[in-house]
Amino acid sequence: MPENEPQPIFIVSDSSGSTGESIVRAALAQFEDFLVNIRTYPHVTEPRRAEAVVRLAARENAIVFFTLVDPKVHTAIGAACEAHGVDSHDLMGPVLGKLAVYLGGRTARGIPGARTSLSAEYFRRVEAVEFTVKHDDGAEPRHLRNADIVLTGVSRTSKTPVSTYLAQKGWKVANVPLVLGIDPPPELFEIDQTQIFGLTIEPEALHAIRMARIRNLGLDANSNYGHLEHILMELEYAHEIFRQNPTWPVVDVTSRAVEETATVILKIHDERSKTRTRETTIRG
């Protein structure tokens, strides 16, 4: 092969090939003044396809790196490389072998792309966070039906921080503020009522939180927002709504950390889910 032509490197994988490509590129970073042409062959899940890639590698005098966990495909590519005189290296097999011994003789599952479940969980959390951000503070009430959990309460009862914490756990959360003199959005009463949680707080604690916020933001200290009398009226308004909707559990956030409030909500949510499952089973 002429010196000025890039040397071909084949990466063969029964999944996306990203693992093998990352390893090879990391190793290449230790070399200078080279030309290579990296070609990745993902989702090689049949022996025939592995053998076809090896024949192409033989014609182009390429080296083959592979991350194959399916035993049949792994055996096929090894035999094909030997038959065609192709230089190759198994990037996954030695690691799996070492781990099998270290883990007490366990056998690897041999499932291509076994990290898929982790990726799915990651993307589920990303989707939950995006949903929660878009539905903070009463935004887009028409989408409340798509939430896993809906929080409601007066201003500064930890609705947003609790929503964010739950979202990072993979829950789609919307929060709806209760504002004195303004009816809640009708959508709040049209969705599954067992998904809704009320948040409340002691008046004195809420007063202290709001006064600190007024000072920090330079707001008008004389506004109703910080008046204890107005806070009492707001909380009474919220509790009247809670009384009218007895299926909504009411969680007192006074002196509770965000994590503690979230734990209480998830415990109730889980218990309700189990109850619904039992009822469905019985009716079935």
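As the structure is a prediction and not an experimental result, all values here were calculated from the model.

(A) Up close: the pattern of salt bridges. With the rule as written, the count across this model stands at nine salt bridges. Between Glu-46 and Arg-48 there is a salt bridge, with its nearest N and O atoms 3.5 Å apart. Assessed through its relative accessible area of 41%, Glu-46 is described here as partly exposed. Of the residues examined, Arg-48 reaches a relative accessible area of 64% and is grouped as exposed. In this structure, a network of salt bridges that share partners links the residues Glu-236, Glu-240 and Arg-243.

(B) Geometry of the nonpolar core. Core analysis: the largest hydrophobic core is formed by 31 residues, its most contacted members being Leu-144, Ile-149, Val-150, Leu-151, Leu-166, Leu-188 and Ile-265. When residues in this core are grouped by element, the largest group, six residues, is from helix α8 (residues 228–244). Not counting residues within four places of it along the chain, the set of residues in contact with Ile-149 comprises Leu-166, Trp-171, Lys-172, Val-173, Ala-174, Gln-195, Phe-197, Ile-265, Leu-266 and His-269. Formed by 17 residues, the second largest nonpolar core is a distinct cluster that contains Phe-10, Val-44, Ala-50 and Val-86.

(C) Summary view of the sheet that holds strand β3 (residues 63–67). With respect to topology, four strands assemble into an open sheet ordered β2-β1-β3-β4, the strand pairing being parallel. Each of the sheet's edge strands pairs with one partner strand only, and the pair in question is β2 (36–41) and β4 (88–90). With direction set aside, neighbouring strand axes in the sheet form an average angle of 20°. As judged from the three bridges shared by β3 and β4, these two strands associate in the parallel manner. By the bridge assignment, Phe-66 is partnered in β4 with Asp-90. Helix α2 (residues 47–60) rests against β1 (7–13), β2 and β3 of the sheet, and its axis sits at about 170° to β1.

(D) Highlighting the environment of Pro-8. Here Pro-8 is to be found in strand β1. Linking Pro-8 and Ala-100, residues 92 residues apart in sequence, is a C-alpha distance of 33 Å.

(E) The arrangement of the packing of aromatic side chains in detail. Overall, the coordinates contain three aromatic pairs when judged by the stated rule. For the pair Phe-189 and Trp-248, a centre-to-centre distance of 5.9 Å together with 20° between the ring planes defines the contact as stacked. On the criterion of sequence distance, the pair formed by Phe-189 in the loop between β6 (173–177) and β7 (196–200) and Trp-248 in the loop between α8 and β8 (250–252) is long-range, its members being 59 residues apart. Here Phe-242 and Trp-248 contribute two aromatic rings whose centre-to-centre distance is 6.4 Å and whose plane-to-plane angle is 65°, an arrangement assigned as edge-to-face. Accessibility assignment for this pair places Phe-242 and Trp-248 in one class, buried. Through a chain of ring-to-ring contacts, three or more aromatic side chains come together here, namely Phe-189, Phe-242 and Trp-248. It is Lys-172 that lies over the ring of Phe-131; its NZ or CZ is 5.9 Å from the centre. Taking NZ or CZ as reference, Arg-210 lies 4.6 Å from the ring centre of Tyr-225, over its face.

(F) Spotlight on helix α7 (residues 203–217). For α7, which comprises 15 residues, the first-to-last C-alpha distance of 21 Å matches the rise-based estimate of 21 Å (1.5 Å per residue) to within 8%. Along α7, the positions that sit buried rather than exposed are Pro-203, Leu-206, Arg-210 and Ile-214. Seen along its axis, α7 keeps its buried residues to an arc of 75°; they face one direction. Among the exposed residues of α7, those pointing more than 90 degrees away from its buried face are Glu-204, Arg-215 and Asn-216. Where the residues of α7 are buried, they touch α8.

What counts and what doesn't
- Residues numbered from 1 in each chain as written.
- Predicted model: local features only at pLDDT ≥ 70, side-chain atom pairs only at ≥ 80, totals over all residues.
- Heavy atoms only, no water.
- Salt bridge = Lys/Arg side-chain N within 4 Å of Asp/Glu carboxyl O.
- Buried < 20%, exposed > 50% of the residue type's maximum accessible area, 1.4 Å probe, protein only.
- Core = buried A, V, L, I, M, F, W, Y, C linked by side-chain atoms within 4.5 Å.
- Helix = DSSP H or I, 4+ residues; strand = E, 2+ residues; numbered from the N terminus.
- Contact = heavy atoms within 4.5 Å.
- Pairing = 2+ DSSP bridges.
- Axes fitted to C-alpha atoms, helices over the stretch in contact; angles between N-to-C directions.
- Phe/Tyr/Trp six-rings, centres within 6.5 Å; stacked < 30°, edge-to-face > 60°.
- Lys NZ or Arg CZ within 6 Å of the ring centre and 35° of its normal.
- Expected span 1.5 Å × (residues − 1).
- Arc of directions from axis to C-beta.

Just distances and angles here, no functional claims.
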